[in-house]
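Architecture and fold: a report
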Amino acid sequence: MSEAASAQVTLANSTALLPSLGPLLHEWLPRQRWFAGKGRPITAFSLVSATEILPVDSAAVDTGPGLLHLLVRAHQPTMPDQPPADCYQLLLGVRSALPPRLAPALIGHVTDGPLAGRTVYEGLHDRRLAALLLERLRTPGGLGALRFGRGAEPIPAALTPRVLDTEQSNSSLVYGDSYILKIFRRVFPGTNPDLELPLALSRQGCGRVPAPVAWFEAAAPERLTLGVLQPFLRGAEDGWQLALRALAAGDDFTHEAHALGRATAEVHTALAAALPTPPLRRSQTDELAAAMVQRLEAAAHAVPELVPYVPGLRAAFDAVTALGHGGRDWSAQRVHGDLHLGQTLRGTDGFWSLIDFEGEPARPLPERRSPQPPVRDIAGMLRSFDYAARSHRPWNAAWAARCRTAYCDGYAKAAGVDPRDEPELLRAHETDKAVYEVLYEARHRPDWLPVPMAAIHRLAADAD
Ligand SMILES: Nc1ncnc2c1ncn2[C@@H]1O[C@H](COP(=O)(O)OP(=O)(O)O)[C@@H](O)[C@H]1O
Ligand SMILES: O=P(O)(O)O[C@H]1O[C@H](CO)[C@@H](O[C@H]2O[C@H](CO)[C@@H](O)[C@H](O)[C@H]2O)[C@H](O)[C@H]1O
């Protein structure tokens, strides 16, 4: 779309929007699974950008929906490890009246401002609006603050959309069981690694990751990734569900664990070939261990159950510092950053793919995009086998141990490097991951807290 045309779709009086939408968002936003600031009040909203993807302030809304794209900052009291105002992507449907089928998507009725008299709702649930998003992705160009881009592969038109009904950190739409559009909810300046890394891997010829076919970004006031369209792996099942099923049936999972190790190794090898691999010298090792200690202290501050374990856990990080001071260098590279069984999909042909390269959602984007020891991902998967075994009754420690061995074997065979050859680095990363999980569960799923706490108990004792 030309700049002249895009100018017409920027909401004329967008500054008046938030005073009228604010009270509705105040109620609605904290109830969303993807809202990261749970437990802290929202003190104010500020508007970053507003773009009418389909006009909302004209008579057209009386006959059909409008679609308003907003980037909104939610201001909250600051905690030590959190930014003061996260920025969220909202796609608001706007209608004069909501048809009954869209009632569950209701956000509220606007009483004043430019949308006075309109009903706003979660636009992704409206098939007409979801279809429109795909149309925008098929035809690259600018639209207000937004930029739509795509690869060389043509994207078919008129695929039926549906919202993916799963617990996730973002929102996804599936089109005709052919493509999946992930819409990032909490957004950060810069390119999201969930676009950057799959693009780099596909250019490298690595088939372990569904290759992005289209994407959209905000171009102003700063560039940031908003959504990625990828092929939908129809019929694929995620590793977490498969592992739980195997546990329930008393089945061995080592064959799959071995294959997952191989898939991880192939992704790491391709990432190392595609992107920089700086060595971790003494000062970076110090920084790595110091960051782990800092995360441990912050987590213990937030979750008092951790406090008695702090000295034992710290020993794992100090061991890495000591090795660095003794002259040991490690290699670093771009990694997945939040690898666990739920980030793996096994196709109907048994082929494993990795998804969701965003990294740990709670970490700042520059940190997530920095090169790290590849063992970080291995630690994540090792924790995940433990999670599966612990969340199933009775606890099956031997099952987890066999999977962990098979995973490392599969990795070593394909990568030519065995992660168990660096036991201190592996244990430090496993400890760091378990600490992250304690915080994650305390914030999001308190019933699950005993699962990582059991690992904390073991890891703190191992370090003695
Ligand atoms: N390419 C794909 N093919 C099939 N299903 C997918 C694909 N990508 C993601 N999914 C499904 O969508 C879910 C959420 O995707 P994910 O990227 O993990 O989002 P989030 O970051 O919001 O958690 C996954 O658990 C998986 O079930
Ligand atoms: O999938 P996300 O990127 O949103 O990852 C977050 O949520 C995960 C839970 O859904 C969480 O993973 C933890 O629980 C999993 C079982 O549900 C388990 O397999 C993982 O090993 C464990 O870390 C992940 O840590 C978090 O970032």
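Right above here is the structure, for reference.
Residues numbered from 1 in each chain as written. Chains lettered and ligands numbered in written order. Predicted model: local features only at pLDDT ≥ 70, side-chain atom pairs only at ≥ 80, totals over all residues. Heavy atoms only, no water.

Counting 68 residues, the largest nonpolar core has Phe253, Leu306, Leu341, Phe385, Trp399 and Tyr407 as its most contacted members. Of the residues forming this core, the biggest block, nine residues, is contributed by helix α11 (residues 375-391). Residues in contact with phenylalanine 385, not counting those within four places in the same chain, are Phe253, Ala257, Leu260, Leu341, Trp399, Ala400, Cys403, Arg404 and Tyr407. Among the nonpolar cores identified, the runner-up in size contains 38 residues, and Leu129, Ala130, Leu143 and Val228 belong to it. (Core = buried A, V, L, I, M, F, W, Y, C linked by side-chain atoms within 4.5 Å. Buried < 20%, exposed > 50% of the residue type's maximum accessible area, 1.4 Å probe, protein only. Helix = DSSP H or I, 4+ residues; strand = E, 2+ residues; numbered from the N terminus. Contact = heavy atoms within 4.5 Å.)

This part is about the site of ligand 2. Around ligand 2, a shell composed of 14 residues is seen, among which Ser169, Asp338, Ser384, Tyr436 and Glu437 lie nearest. In this structure, an oxygen atom belonging to ligand 2 sits 2.5 Å away from a side-chain N or O atom of serine 169. At 3.4 Å from an oxygen atom of ligand 2 is found a side-chain nitrogen or oxygen belonging to histidine 340. For ligand 2, whose accessible area on its own is 540 Å², the fraction buried by protein is 90%. For the shell around ligand 2, the secondary-structure elements that each account for two or more residues are α11 and α13 (423-444). (Near = heavy atom within 4 Å. Polar contact = N/O pair within 3.5 Å; in protein donor to acceptor, adjacent residues only side chain to side chain. Areas by Shrake-Rupley, 256 points an atom, 1.4 Å probe, with all protein chains shown as cover.)

Okay, the sheet that holds strand β18 (residues 352-354) next. Spatially, the three strands line up as an open sheet ordered β14-β17-β18, and their pairing is antiparallel. The outermost strands of the open sheet, each flanked by one partner alone, are β14 (237-238) and β18. In terms of strand pairing, β14 meets strand β17 (residues 344-346) through two bridges, oriented antiparallel. Counted as the bridge partner of aspartate 238 is leucine 345 from β17. (Pairing = 2+ DSSP bridges.)

Attention shifts here to the environment of alanine 105. Within the secondary structure layout, alanine 105 lies in the loop between β3 (85-95) and β4 (106-109). A relative accessible area of 6% means that alanine 105 is categorised as buried. Taking C-alpha positions, alanine 105 is 8.7 Å from leucine 124, a pair spaced 19 residues apart along the chain. Setting aside chain neighbours within four positions, we find alanine 105 in contact with Tyr121, Glu122 and His125.

Here we take up the site of ligand 1. Near ligand 1 there are 15 residues, and of these Gln168, Asn170, Lys182, Leu233 and Asp356 occur at the shortest range. Contacts to ligand 1 include lysine 182, whose side-chain N or O atom sits 2.9 Å from an oxygen atom. Notes on ligand 1: free accessible area 550 Å², of which the protein chains cover 87%. Looking at which domains feed residues into the shell around ligand 1, each of domain 1 (1-232) and domain 2 (237-461) gives three or more. (Domains from an automatic or database assignment.)

Take the packing of helix α8 (residues 282-302) against α13 next. At a closest axis distance of 9 Å, the pairing of α8 and α13 adopts a crossing angle of 30°. Our classification of the angle between α8 and α13 gives roughly parallel. Crossing geometry of α8 relative to α13 is assigned as left-handed. Facing α8, whose interface residues are Leu288, Met292, Arg295, Leu296, Ala299 and Ala302, α13 presents Leu425, Ala428, His429, Asp432, Val435 and Leu439. Residue classes in the contact of α8 with α13 are distributed as nine nonpolar, one polar and two charged. (Axes fitted to C-alpha atoms, helices over the stretch in contact; angles between N-to-C directions. Parallel < 35°, antiparallel > 145°, perpendicular 65-115°, else oblique. Left-handed = near helix turned anticlockwise from the far one by under 90°. Nonpolar A, V, L, I, M, F, W, Y, C, P; charged D, E, K, R; others polar.)

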